[in-house]
Amino acid sequence: MAYSTETRVFPINPDNPEAEPIRIAAELIREGRLVAFPTETVYGLGANALDAEAIDKIYRAKRRPASDPVIAHISDMAQLDQLAQNIPPKAYELANAFWPGALTLVLQRAPGIPPNIATGLSTVAIRMPAHPVARALIQAAGVPIAAPSANTFTHPSATTAEHVLTDLRDHVDLVLDGGPTHIGLESTVVDMTGDIPSVLRPGGVVLDDLKTIILDVEMIERYTSESEHTSAPGQMLKHYSPKAPVTLFTGPLYSVLIAMKESCQMHKERGQRVGLLLAEEDCHHLGEVGVVVSLGKRTDLRSISHHLFAGLRELDAQHVDVILARDFGRAGLGAALWDRLVRAAEGNVIKVG
Ligand code: TXA
Ligand code: MG
């Protein structure tokens, strides 16, 4: 049964959060209720990470299968030792370098931590976010906060409070509205439990930056179908999907733009409304053939990341029948963008040139 409740929304200053909304939100967390809050990556749907029943409400609210584990958010290093055990020295090195920030570490779970946070696995994913609202909330609650992204399962992650409400109204007790999140893509998830640290999900902290701290970190690129996905949490292919089917074009830029234009024309001849996710400079090549969302300048991957999920949601709101998107390379944030776009497209990738 879905978790249902009446949703309240409190505006909050993202740089200097007011005490009263934080106090009320923290009280709700301690009571075992759900609070959505901004982090610098995306909005999280939070519950007391030490309360198994509260964690269960997250799965029900998101309509998420209880096979996909949730991240525990902390505000100080003492909570790391509370949640995890046998922490390898490399994990502390990464934490020291990138926390607070867009990095999540998968570690061995400490005894006494509710197993349903990690769907019964022996591990737990931990992140110390940098966003002042997230930090203030965790501190005031006095407990780590379990939080997946605050979207319905398989929808694009929420980067504004409006996105949270579109997906989760009446399924979350309170939404702290701190405006749009900065990064716009989720954290990088690194599994520290094997011999070699491995990136399970590329995200806000890029691989080259991880490598400045630990040399032997590797990137796992693996996508699974729904039936397989329990053995590899978070690797499921259908994810971040808007309602309209997405086609992703990859190859030399000029060839990509020509192929996208031809595809637009074909869809239009079929009477379909086409949505396009483009860089600013691409727009004049394709502008008149569909509903265009410009994500930012070609080389400004921060801007493109910041606008990606909002762009997918915007095209859904415009009721397009199909979405055409293009690749932004694999360098830096490009790896995370590629991951999210391939999943939004459910693997429907066209190679041109
Ligand atoms: O930026 C973020 O990471 C956001 C904000 C709210 O912190 N959270 C987020 O949570 O994206 P979620 O639940 O949507 O994604 C968490 C990812 C999933 O890919 C999940 O499979 C993986 O982390 N994960 C969580 N716990 C894990 C574990 N114990 N072992 C392996 N992967 C885990
Ligand atoms: Mg998510």
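Residues numbered from 1 in each chain as written. Chains lettered and ligands numbered in written order. Predicted model: local features only at pLDDT ≥ 70, side-chain atom pairs only at ≥ 80, totals over all residues. Heavy atoms only, no water.

S.K.: What's the story with the site of ligand 1 in this structure? I'm lost.
M.R.: Near ligand 1, the surroundings consist of 25 residues, among which Thr41, His73, Arg127, Ser187 and Arg201 are the closest. His73 is positioned such that a nitrogen or oxygen atom in its side chain is 2.6 Å from an oxygen atom of ligand 1. Alone, ligand 1 offers 680 Å² of accessible surface; in the complex the protein occludes 96% of this. Only strand 3 (43-48), strand 4 (71-73), strand 7 (123-127) and strand 11 (198-201) provide two or more residues apiece to the shell around ligand 1. With four residues, strand 7 is the largest single contributor of residues to the shell around ligand 1. Residues that form the shell around ligand 1 fall into these classes: 13 nonpolar, seven polar and five charged. (Near = heavy atom within 4 Å. Polar contact = N/O pair within 3.5 Å; in protein donor to acceptor, adjacent residues only side chain to side chain. Areas by Shrake-Rupley, 256 points an atom, 1.4 Å probe, with all protein chains shown as cover. Helix = DSSP H or I, 4+ residues; strand = E, 2+ residues; numbered from the N terminus. Nonpolar A, V, L, I, M, F, W, Y, C, P; charged D, E, K, R; others polar.)

S.K.: Just to check I follow, could you spell out the nonpolar core for this structure?
M.R.: A general feature of soluble globular proteins is that nonpolar side chains tend to end up buried together. Grouped together as the largest cluster of nonpolar side chains are 51 residues, with contacts concentrated most on Trp99, Leu103, Leu105, Leu107, Ile117, Ile126 and Leu210. Among the secondary structure elements, those contributing two or more residues to this core are strand 3, helix 2 (52-62), helix 3 (77-83), helix 4 (89-98), strand 6 (103-109), strand 7 and helix 6 (161-168). Of all the elements, helix 2 adds the most residues to this core, at five residues. When near neighbours in sequence (up to four residues on either side) are disregarded, Leu210 contacts Leu94, Phe98, Leu103, Thr188, Val190, Val199, Val205 and Val217. By size, the runner-up hydrophobic cluster in this structure holds 30 residues, among which are Ile304, Leu312, Phe328 and Leu337. (Core = buried A, V, L, I, M, F, W, Y, C linked by side-chain atoms within 4.5 Å. Buried < 20%, exposed > 50% of the residue type's maximum accessible area, 1.4 Å probe, protein only. Contact = heavy atoms within 4.5 Å.)

S.K.: Just checking my understanding: could you explain the pattern of salt bridges for this structure?
M.R.: Pairing between side chains of opposite charge can happen when their charged atoms approach one another. In this structure the tally under the stated criterion is 15 salt bridges. Its salt-bridge partner being Asp327, residue Arg330 comes within 2.9 Å of it at the nearest N-O pair. On the accessibility criterion, Arg330 (40% relative accessible area) is partly exposed. For Asp327, a relative accessible area of 13% gives the class buried. In this structure, Asp339 engages Arg343 in a salt bridge whose closest nitrogen and oxygen atoms are separated by 3.1 Å. Here Asp339 and its partner Arg343 are both found in helix 11 (residues 334-344), four residues apart, which amounts to about one turn of the helix. With relative accessibility at 3%, the residue Asp339 sits in the buried group. Arg343 sits in the buried class, given a relative accessible area of 1%. Salt bridges linked by common partners bring Glu186, Asp339, Arg340 and Arg343 together as one network. (Salt bridge = Lys/Arg side-chain N within 4 Å of Asp/Glu carboxyl O.)

S.K.: Help me out: how do you make sense of unusual backbone geometry in this one?
M.R.: What you tend to see is this: most non-glycine residues have negative phi, and most peptide bonds are trans. Residue Trp99 is joined to Pro100 through a cis peptide bond whose omega torsion reads -10 degrees. In this structure, Pro100 sits in the loop between helix 4 and strand 6. Residue Asn86 is not a glycine yet carries a positive backbone phi of 50 degrees. The class for Asn86 is exposed, based on a relative accessible area of 60%.

S.K.: Which parts of the structure should I look at to understand the sheet that holds strand 16 (residues 322-326)?
M.R.: Two modes of strand pairing occur in sheets, parallel and antiparallel, and in both the strands are linked by backbone hydrogen bonds. Here we have five strands laid out as an open sheet, ordered 15-14-16-13-17, and parallel in their pairing. The outermost strands of the open sheet, each flanked by one partner alone, are strand 15 (291-294) and strand 17 (349-351). For this sheet the average axis-to-axis angle between neighbouring strands, irrespective of direction, equals 20 degrees. Bridging between strand 13 (residues 246-250) and strand 16 involves four bridges; their strand directions are parallel. Each residue of the ladder has a partner; that of Phe249, found in strand 16, is Arg326. (Pairing = 2+ DSSP bridges. Axes fitted to C-alpha atoms, helices over the stretch in contact; angles between N-to-C directions.)

By themselves, these are just geometric observations and shouldn't be taken as functional.
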